[in-house]
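Residue strings, one per chain:
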Amino acid sequence: MQRLDYLRESPSQTAGPYVHIGCTPNFTGLDMYGGDLGATMKTGPVQGTEITIKGIVFDGTGTALRDAMIEIWQPDAAGLFASANETRGTADPNFTGWGRSPGDMDTGEFTFETVKPGAVPFPDGRMQAPHITAWIVARGINIGLHTRIYFEDEAEANAADPILTRIEHQNRIPTLLAQKQNDGSYRFDIHLQGPSETIFFDI
Amino acid sequence: MSNANIPPKPGGFIPRDRNWQPDALTPPYKTSVKRSPQSALLSFPTTLSEETSPVFGHNMLGALDNDLIHNFARSGESAIGPRIIVHGRVLDEHGRGVPGALLEFWQANAGGRYRHKKESYLAPLDPNFGGCGRTITAEDGSYEFATIQPGPYPWPNGMNDWRPAHIHFSIFGHGFAQRLITQMYFEGDPHIQRCPIVGILKTQEAIDALTAPLDMNRTVPMDSRAFKFDMVIRGRRQTYFENRKEGM
Ligand SMILES: [Fe+2]
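Described below are features of the structure shown in this document. Every value quoted in this text rests on a predicted model; they were computed, and no experiment measured them.

Topic: the overall build of chain B
So, point 1. Scanning chain B for helices and strands turns up two helices and 14 strands.
So, point 2. Along the first, second and third principal axes, the C-alpha atoms of chain B reach 65 × 45 × 30 Å.
So, point 3. Out of the 248 residues belonging to chain B, those deemed buried represent 54%.
So, point 4. In chain B, the proportion of contacts linking residues at least 24 apart, taken out of those at least 6 apart, comes to 72%.
So, point 5. Averaged over its 27 positive side-chain charges, chain B has a centre that lies 7 Å from the centre of its 25 negative ones.

Okay, structure coming up:
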């Protein structure tokens, strides 16, 4: 039989306790590159609704991770990505769509100053509910964890979302919903395991 | 219309091989025990959210970003340790070079010490070594950087666990689904077979995939040895027959 000459993806290894040296060096006190990549998602006045998302990554004992790194990726308010692979139009030039947060060194709380994402179609053409893609790495995480941040105040769109409606354990969906707080910000805590374990994705 | 001479369109990303990639729960690496999800991952095909990613241009790079020997050193000085060049290519699963991939790397100094507030190993800091660098791959997916060979270091896991000398890599391709962090090890390091973090890899083939050989052909005589380290990120399915609406 012939061989299928595909290469194998490089095996993942943990980001370890010092991921911030490499990815957010200024956060660790190293004056490099004129600033940390992904620290700012808005490079000027942006279209749409500006929002703040805060959260903490918790381990299976409920302890906050203080050595994680969280990245988010999302479209602009019109549902367009600031990506070379975006073929449907041109995204807001003042919005990068990509954020990276090391979390607070003492509390572990991460913060993203971003905009409410517009809706993006699923491959079959149905619209997905507005969401943000998130990726979490840390010491003890052997391969980066993908999840999605949906919004609790998008109930109608969420109820029709092609992925949310596919989830067997509907009682776990709240783990994917950012909750609106009294101060107007959204809360999105991430639980790596335990009764409120976040739904993670194999995408 | 015939398909002749029409290049195939990129489809979604090839699913990640979870039998090849390490599991989340690997008890010999103790920190994984309380940081590993216990529910099954939710599988679905990639969508635009995962098939797009930010663009990083070569113009964002500084002249010393890929020179860890000098990028933190005082003027006229350089980092202490064996001088090395790390080079290779970023490829996709089809074997094609990936241009424009952002690589960020970080490492301990020659004594095995990281420059970090929470790091307490007794080996000294090198005042001329910061420990991070970055580059963007060229048109053929190639990259290189100069650094010093990091030292092995002890870490709290078992009573006497040591990490092999290694360099951490973060790889950013052209789809968020490709996002990957890994580590590069050095040919011949006796700690590789003893390390619980290397031990999460399921096969010798996987360990080999992260072990960089000495590359004498790329070595600069009387200056630096070279190690070659290729990385593979997920590829996209290629198809003439993608059942998708236009523009997706
Ligand atoms: Fe390390």
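Quick word on the overall build of chain A
So, point 1. When you go through chain A residue by residue, the secondary structure sums to two helices and 11 strands.
So, point 2. Element order for chain A, N to C, with α for helix and β for strand: α-β-β-β-β-β-β-β-α-β-β-β-β.
So, point 3. Expected size for 203 residues packed as a compact globule is a radius of gyration near 17 Å; at 18 Å, chain A falls within 12% of this value.
So, point 4. Overall size of chain A, expressed as C-alpha extent along the three principal axes, is 60 × 45 × 40 Å.
So, point 5. Residues classed as buried in chain A amount to 59% of the 203 residues present.
So, point 6. The long-range share in chain A, meaning contacts at least 24 apart out of those at least 6 apart in sequence, stands at 66%.
So, point 7. For chain A, the exposed surface amounts to about 8,000 Å²; the carbon and sulfur share of it is 49%.
So, point 8. Positive and negative side-chain charges of chain A, numbering 15 and 26 respectively, have mean locations separated by a distance of 4 Å.

Some words on the coordination of the iron ion
Residue and element names in this part refer to chain B.
So, point 1. For the iron ion, the full set of protein donor atoms is Tyr 114 (OH), Tyr 153 (OH), His 166 (NE2) and His 168 (NE2), at a range of 1.9 to 2.2 Å.
So, point 2. Angles of 89 to 160° at the metal separate the four donor atoms of the iron ion, which places the site in the irregular class.
So, point 3. Spacing between the donor residues of the iron ion along the chain follows Y-x38-Y-x12-H-x1-H. With Tyr 153 in strand β7 (residues 153-155) and His 168 in strand β9 (residues 166-172), this residue pair connects regions lying 15 residues apart in the sequence.

Focus on the packing of aromatic side chains
So, point 1. Under the criterion given, the structure shown has 18 aromatic pairs over all chains.
So, point 2. Here Trp 73 of chain A and Phe 81 of chain A contribute two aromatic rings whose centre-to-centre distance is 5.5 Å and whose plane-to-plane angle is 25°, an arrangement assigned as stacked.
So, point 3. Seen in terms of ring centroids, Trp 98 of chain A and Phe 172 of chain B are 5.4 Å apart; in terms of plane orientation they differ by 85°. Their pairing is edge-to-face. With Trp 98 of chain A in strand β4 (residues 98-101) and Phe 172 of chain B in strand β9, the pair connects residues from two separate chains.

What about the interface of chain A and chain B?
When the parts of a complex come together, some accessible area is lost, and that lost area is often taken as the interface size.
So, point 1. Chain A puts 78 residues into the contact, and the matching count from chain B is 89 residues.
So, point 2. Summing both partners gives a buried area of about 7,500 Å² for chain A against chain B, and 58% of it is carried by carbon and sulfur.
So, point 3. Where chain A packs against chain B, one counts eight salt bridges.
So, point 4. One salt bridge in this structure joins Arg 179 of chain B and Glu 71 of chain A, with 2.7 Å as the shortest N-O distance.
So, point 5. Remark: the boundary between chain A and chain B carries 48 residue pairs in polar contact (both at pLDDT 80 or more).
So, point 6. Contributing elements (two or more residues each) for the side of chain A that touches chain B: α1 (19-23), β3 (69-73), β4, β6 (131-137), β7 (145-151) and β11 (201-202) of chain A.
So, point 7. A total of five residues in the side of chain A that touches chain B trace back to one element, the largest contributor, which is β6 of chain A.
So, point 8. Across the side of chain A that touches chain B, the residue classes tally to 42 nonpolar, 21 polar and 15 charged.
So, point 9. Bridge analysis of β11 of chain A against strand β2 (residues 42-43) of chain B gives two bridges, and the strand direction is parallel. Bridging across to β2 of chain B, Phe 201 of chain A finds its partner in Leu 42 of chain B.

What about the state of the cysteines?
So, point 1. Applying the stated criterion across every chain yields a total of zero disulfides over all chains.
So, point 2. For the unlinked cysteine Cys 23 of chain A, the closest cysteine sulfur is that of Cys 132 of chain B, found at 9.4 Å.
So, point 3. Cys 23 of chain A supplies the cysteine sulfur nearest to Cys 195 of chain B, a cysteine that is in no disulfide, at a spacing of 20 Å.
So, point 4. Judged by its relative accessible area of 3%, Cys 195 of chain B is buried.

So, the nonpolar core
So, point 1. Counting 68 residues, the largest nonpolar core has Val 86, Phe 169, Met 184 and Phe 229 of chain B as the members making the most contacts within it.
So, point 2. If one sorts the elements of this core by residue count, strand β10 (residues 180-186) of chain B sits on top with five residues.
So, point 3. In contact with Met 184 of chain B, not counting residues within four places along its chain, are Val 86, Ala 165, His 166, Ile 167, Phe 169, Leu 210, Ala 212, Phe 227 and Phe 229 of chain B.
So, point 4. In this structure, Ile 51, Leu 65, Ile 136 and Ile 190 of chain A belong to the second largest nonpolar core, which totals 27 residues.

The rules behind the values
- Residues numbered from 1 in each chain as written.
- Chains lettered and ligands numbered in written order.
- Predicted model: local features only at pLDDT ≥ 70, side-chain atom pairs only at ≥ 80, totals over all residues.
- Heavy atoms only, no water.
- Helix = DSSP H or I, 4+ residues; strand = E, 2+ residues; numbered from the N terminus.
- Buried < 20%, exposed > 50% of the residue type's maximum accessible area, 1.4 Å probe, protein only.
- Contact = heavy atoms within 4.5 Å.
- Lys, Arg positive; Asp, Glu negative; His and termini not counted.
- Charge placed at Lys NZ, Arg CZ, Asp CG, Glu CD.
- Rg over C-alpha atoms; globule rule 2.2 N^0.38 Å.
- Areas by Shrake-Rupley, 256 points an atom, 1.4 Å probe, with all protein chains shown as cover.
- Donors = N, O, S within 2.8 Å, 3.2 Å for Na, K, Ca; no water.
- Tetrahedral: all angles 85-135°; square planar, octahedral: opposite > 155°, others 65-115°.
- Phe/Tyr/Trp six-rings, centres within 6.5 Å; stacked < 30°, edge-to-face > 60°.
- Buried area = accessible area lost by both parts, 1.4 Å probe.
- Salt bridge = Lys/Arg side-chain N within 4 Å of Asp/Glu carboxyl O.
- Polar contact = N/O pair within 3.5 Å; in protein donor to acceptor, adjacent residues only side chain to side chain.
- Nonpolar A, V, L, I, M, F, W, Y, C, P; charged D, E, K, R; others polar.
- Pairing = 2+ DSSP bridges.
- Disulfide = S-S within 2.5 Å.
- Core = buried A, V, L, I, M, F, W, Y, C linked by side-chain atoms within 4.5 Å.

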